[in-house]
Amino acid sequence: MLRLLQWLVRREGLLRLLSPAFGRFQPFSAAHRRDPHATWRALREEAPAWRSRIFGTTLFTRYEDVLRILSDSHFSTDRSGVPAMRWIARLTRGEPEFAGLIERNLLTIDGADHRRLRGLVAKAFTPRRVERLRPRLVAPAAAPQPAAADDPPAGGPPASRPDVLVYLIDTLRADHLGCYGYPRPTSPQIDALAAEAALFEHAIAQSSWTKASVASIFTGRWPLAHGANLRTDALAAAAQTLAETLHHHGYATAGFVTNPNVTSAFGFDQGFERYHYLGETASAAEVNAAALAWLDARPPDARPFFLYLHTLEPHAPYRPPAAFRERLAPQVPAALAAEPDAVLDAMQAGRRPVEGVLVDHLRALYDAEIAANDDAFGALRRAFETRGRWRDLLLVLASDHGEEFYEHGNFQHGRTLHRESLEVPLIVKLPGPPVRRRIGERVQHVDLLPTILDAAGLPPTAGSEGRSLLPLLRGAAPGPSRPTFAYLHLDGPARAAIYDRGFKLLQQLAGGGELIHRQLYDLAGDRQERRDLAGDRPLLAGFLAARLRSRLFGPEQRLAGDAAVIDEELRRSLEALGYLE
């Protein structure tokens, strides 16, 4: 075996090819080529996790096999790398550290000197083979079982559980709030909350329009799993929602909403004792009034409550109250302020050229609407404090999606999965004394359901795909990184996105399900998603596409969305907001 090692390390051409790919294996210097024993020792030091019961033998054999796999003869173009991937799958079965090392180093190959190796590897990295290559580092936990109707409530008696308020501000992008670094004074009340609560700096919506995103929030499932994606889809009756789980465990449940896409016609009243659609013209102040009236009508010894409030500002059309328009959009001409949707629709449809000054005016009106909603939120907080309901309240303040202002050639939302549509605010206030914290880990909508249930001492629902953020909220160190996914299928072809390893991949799905029009962005150096790296990093883009494809067409349980019955009143509300024509 020593002679075989000596023969291998003297193959300088192969070593020069492999050295950049396997950056950790720097022992292949001239000295090591002269002294195979030094190479042997270096291999043992570099890869202690690979040691087997037989001293060194399996370690060497596996590394030698990887050398053979990555050599040109084994990445033959006529066989498309199939034998190589079979070898890798065999070698890495039960050795996740080894699989991870191969994966990390292959994905760092770059530069013209390694284009051939990169191309050969890419041919072998088909979606199915990638999943075989990368066994999971942690075995998936068994799916929790749904609570039966006669099961005793878990996590203590209902009286010991916190009141829960989910305050959802429609169409609010994170980077237009002061607590997320926005310089304009749009959000003093929300900023005050963030100063005494936990703010998640990177919260991602599961979709860029309301129905799909809210369904993910309340089921803990990503959009393809919950099935409520198209305009006429209703949330499946089989979906177990946050409201249903809390109601089963003793909570009084009520929802007051202003977006017609989350009305009872679309199945969003599941689990709510009281669910009221106030209309698309209702202000955040009117939502407050309805919620407080319900709260005040409850007996003093009542059960803990779960309130879902969904306000519509700053959704288009951007028509803020005069006081907020004068403060944040005084430069906007009166004619534009009166009919901003007409100008917005004309520019989106190409009937009017996109002018920077018009975009700035629309953005200013949007800011003024944020300020109006922020003011109403401050009033709601004061009302809770007056009633003695604030200190022990579990509050989740979030948005369903963001809004585009032509950063990538579109207005409004539900058209792309770029950052301006997906990066949303998420601020969580735990019951009890203030917990001031800014959390940099990337989180997503599907995490909200398990977080709320965990804070209430309850297990997650069946099918939930997120993870509880309660440990992070209490100061624990971040866990293992995980990919984040988003999906959109509203008008035209479906689109999907994956965030992983500091990169973001955007894909469009063709009719047959194949992934086309790939875009890759380095989130560390290009937060605004301006420079597409898919052509420069084809191996990385291909790997992320394979992971995304596995997510899109994986074996997890999927619910079929029911068909909604849309009456004339609901149709008019949807048309007023541009959801139906």
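Cut-offs used in this document
Residues numbered from 1 in each chain as written. Predicted model: local features only at pLDDT ≥ 70, side-chain atom pairs only at ≥ 80, totals over all residues. Heavy atoms only, no water. Helix = DSSP H or I, 4+ residues; strand = E, 2+ residues; numbered from the N terminus. Buried < 20%, exposed > 50% of the residue type's maximum accessible area, 1.4 Å probe, protein only. Contact = heavy atoms within 4.5 Å. Areas by Shrake-Rupley, 256 points an atom, 1.4 Å probe, with all protein chains shown as cover. Axes fitted to C-alpha atoms, helices over the stretch in contact; angles between N-to-C directions. Parallel < 35°, antiparallel > 145°, perpendicular 65-115°, else oblique. Left-handed = near helix turned anticlockwise from the far one by under 90°. Nonpolar A, V, L, I, M, F, W, Y, C, P; charged D, E, K, R; others polar. Pairing = 2+ DSSP bridges. Salt bridge = Lys/Arg side-chain N within 4 Å of Asp/Glu carboxyl O. Patch = residues over 30% accessible without salt bridge, like charges linked within 9 Å, V, L, I, M, F, W, Y side chains within 5 Å. Lys, Arg positive; Asp, Glu negative; His and termini not counted. Charge placed at Lys NZ, Arg CZ, Asp CG, Glu CD. 1 Å grid on protein atoms, 1.4 Å probe; cavity = no way out; pocket = protein on both sides within 12 Å on 5 of 7 lines; lining within 4 Å. Points joined across faces, edges and corners; volume = space filled by probe spheres on them. Phe/Tyr/Trp six-rings, centres within 6.5 Å; stacked < 30°, edge-to-face > 60°. Lys NZ or Arg CZ within 6 Å of the ring centre and 35° of its normal. Core = buried A, V, L, I, M, F, W, Y, C linked by side-chain atoms within 4.5 Å.

**Student:** Could you clarify how one ought to interpret the overall build of the protein chain in this entry?
**Tutor:** The helix and strand inventory of the protein chain stands at 23 helices and 17 strands. Looking at the protein chain as a whole, 55% of its 581 residues are labelled buried. For the protein chain, restricting intrachain contacts to residue pairs at least 6 apart in sequence, the fraction spanning at least 24 positions comes to 70%. Accessible surface computed for the protein chain: about 24400 Å², of which carbon and sulfur atoms make up 51%.

**Student:** Even after reading the chapter, I still don't get the environment of Ile498, so can you show me in this structure?
**Tutor:** Within the secondary structure layout, Ile498 lies in strand E14 (residues 495-500). Take Ile498: its relative accessible area is 0%, and that puts it in the buried class. Residues contacting Ile498, with those up to four places away along its chain left out, are Pro483, Thr484, Phe485, Phe503, Lys504, Leu505, Leu544, Arg547 and Leu548.

**Student:** Honestly, the packing of helix H14 (residues 284-296) against helix H18 (residues 356-386) in this entry has me stumped. Any pointers?
**Tutor:** Helix packing geometry: the angle between the two helix axes and the distance between the axes. Orientation of H14 relative to H18, taken along the N-to-C sense of each, is 20 degrees, at an axis distance of 9 Å. One finds that H14 runs roughly parallel with respect to H18. Handedness of the H14/H18 crossing: right-handed. From H14, Ala284, Ala285, Asn288, Leu292 and Leu295 reach across to H18, where they touch Asn373, Ala376, Ala379, Leu380, Ala383 and Phe384. Here the contact of H14 with H18 is built from residues that sort into 9 nonpolar, 2 polar and no charged.

**Student:** In this structure, what is going on with the sheet that holds E14? I would like to understand it.
**Tutor:** Think of a sheet as strands paired side by side through backbone hydrogen bonds, with each pair either parallel or antiparallel. The antiparallel open sheet is built from 4 strands, whose spatial order is E13-E14-E15-E16. At either margin of the open sheet sits one strand with a lone partner, and together these are strand E13 (484-488) and strand E16 (515-522). Shown here is a sheet whose adjacent strand axes are inclined to one another by a mean of 15 degrees, direction ignored. Both E13 and E14 contribute to a ladder of 5 bridges, which runs antiparallel. Bridge pairing in E14 links Leu488 to Arg495. Along the sheet, helix H22 (residues 538-552) contacts E13, E14, strand E15 (503-509) and E16; its crossing angle with E16, the most-contacted strand, is approximately 120 degrees.

**Student:** Even after reading the chapter, I still don't get the pattern of salt bridges, so can you show me in this structure?
**Tutor:** If the charged atoms of two oppositely charged side chains come close together, the side chains can form a pair. Taken as a whole and judged by the stated rule, the model has 24 salt bridges. Its salt-bridge partner being Arg419, residue Glu423 comes within 3.3 Å of it at the nearest N-O pair. The pair Glu423 / Arg419 is uniform in exposure class, with both members buried. Because the salt bridges share partners, they merge into one network encompassing Arg173, Asp175, Glu407, Arg419, Glu423 and Arg527.

**Student:** How should a negative patch on the surface be read in this particular structure?
**Tutor:** A surface patch of negative charge is lined by Asp567, Glu568, Glu569 and Glu575. Looking at the secondary structure, you find Glu568 in helix H23 (residues 568-576).

**Student:** Looking at this structure, I do not really get unusual backbone geometry. What am I missing?
**Tutor:** With the exception of glycine, most residues fall at negative phi, and the peptide bonds are largely trans. With an omega of 10 degrees, the peptide bond running from Glu313 to Pro314 counts as cis. A cis amide bond links Ala316 to the next residue, Pro317, at an omega of 0 degrees. Here Pro317 shows up in the loop between strand E6 (305-311) and helix H15 (322-328). The phi dihedral of Tyr406 falls on the positive side, at around 70 degrees, and the residue is not glycine. By secondary structure assignment, the location of Tyr406 is in the loop between strand E8 (404-405) and strand E9 (411-412). Not every positive phi belongs to a glycine, and Glu529 is a case in point at roughly 60 degrees. Its relative accessible area of 1% is what places Glu529 among the buried residues.

**Student:** Mind showing me how you'd approach empty space enclosed by the protein here?
**Tutor:** In this approach the atoms are scanned with a rolling probe the size of a water molecule, which exposes any empty space left behind. Within the structure shown, the criterion is met by 5 cavities of 30 Å³ or more. Volume-wise, the largest cavity comes out at about 40 Å³. Contributing to the lining of the largest cavity are Phe218, Leu235, Thr241, Ala243, Gly267, Phe268, Gln270 and Phe272. For the lining of the largest cavity, a count of residues per class yields 5 nonpolar, 3 polar and no charged.

**Student:** Just checking my understanding: could you explain the packing of aromatic side chains for this structure?
**Tutor:** For any pair of aromatic rings, the description rests on two quantities: the centre-to-centre distance and the angle between the ring planes. As enumerated under the stated definition, the model contains 14 aromatic pairs in all. Between Trp294 and Phe305, the aromatic rings sit 6.3 Å apart at their centres with planes inclined by 90 degrees, giving edge-to-face as the arrangement. Taken together, the residues span a long stretch of sequence, with Trp294 in helix H14 and Phe305 in strand E6 at a distance of 11 residues. Each member of the pair Trp294 and Phe305 is classed as buried. In this structure an aromatic cluster arises from ring pairing among Phe218, Phe272, Tyr275, Phe306 and Tyr308. Geometry around Trp390 places Lys429 over its ring, the cationic atom sitting 5.5 Å from the centre.

**Student:** Where do I start with the nonpolar core in this structure?
**Tutor:** Buried together is how nonpolar side chains tend to be arranged in soluble globular proteins. Formed by 65 residues in total, the largest nonpolar core has its most connected members in Phe200, Phe306, Tyr308 and Leu426. Sequence-distant contacts of Tyr308, that is, excluding residues within four places in its chain, are made with Val166, Leu168, Val214, Phe218, Ala254, Gly255, Phe256, Val257, Val262, Phe272 and Tyr275. Grouped together as the second largest cluster of nonpolar side chains are 54 residues, Tyr167, Leu193, Ala291 and Leu395 included.

**Student:** What should I look at first to understand the packing of helix H17 (residues 340-349) against H18 in this one?
**Tutor:** Where H17 contacts H18, the two axes come as close as 11 Å, and the packing angle between them is 135 degrees. Judged by the angle between their axes, H17 and H18 are oblique. Handedness of the H17/H18 crossing: left-handed. Residues Pro340, Val343, Leu344 and Met347 of H17 form the contact with H18, whose participating residues are Leu358, Leu362 and Leu365. For the contact of H17 with H18, a count of residues per class yields 7 nonpolar, no polar and no charged.

**Student:** Please clarify how the pairing of strand E7 (residues 393-399) should be interpreted in this entry.
**Tutor:** Two faces make up the sheet, and in a regular strand the side chains alternate between them. Of all 7 residues making up E7, 7 are buried, and the element is well covered by its neighbours. The alternating pattern of E7 places Leu393, Leu395, Leu397 and Ser399 on one face and Leu394, Val396 and Ala398 on the opposite face, and all of these are buried. Bridging between strand E1 (residues 163-169) and E7 involves 7 bridges; their strand directions are parallel. Counted as the bridge partner of Leu168 is Ala398 from E7. With 4 bridges joining them, E7 and strand E11 (residues 426-429) adopt antiparallel strand pairing. Paired with Val396 across the bridge in E11 is Val428.

Keep in mind these values describe shape, not function.
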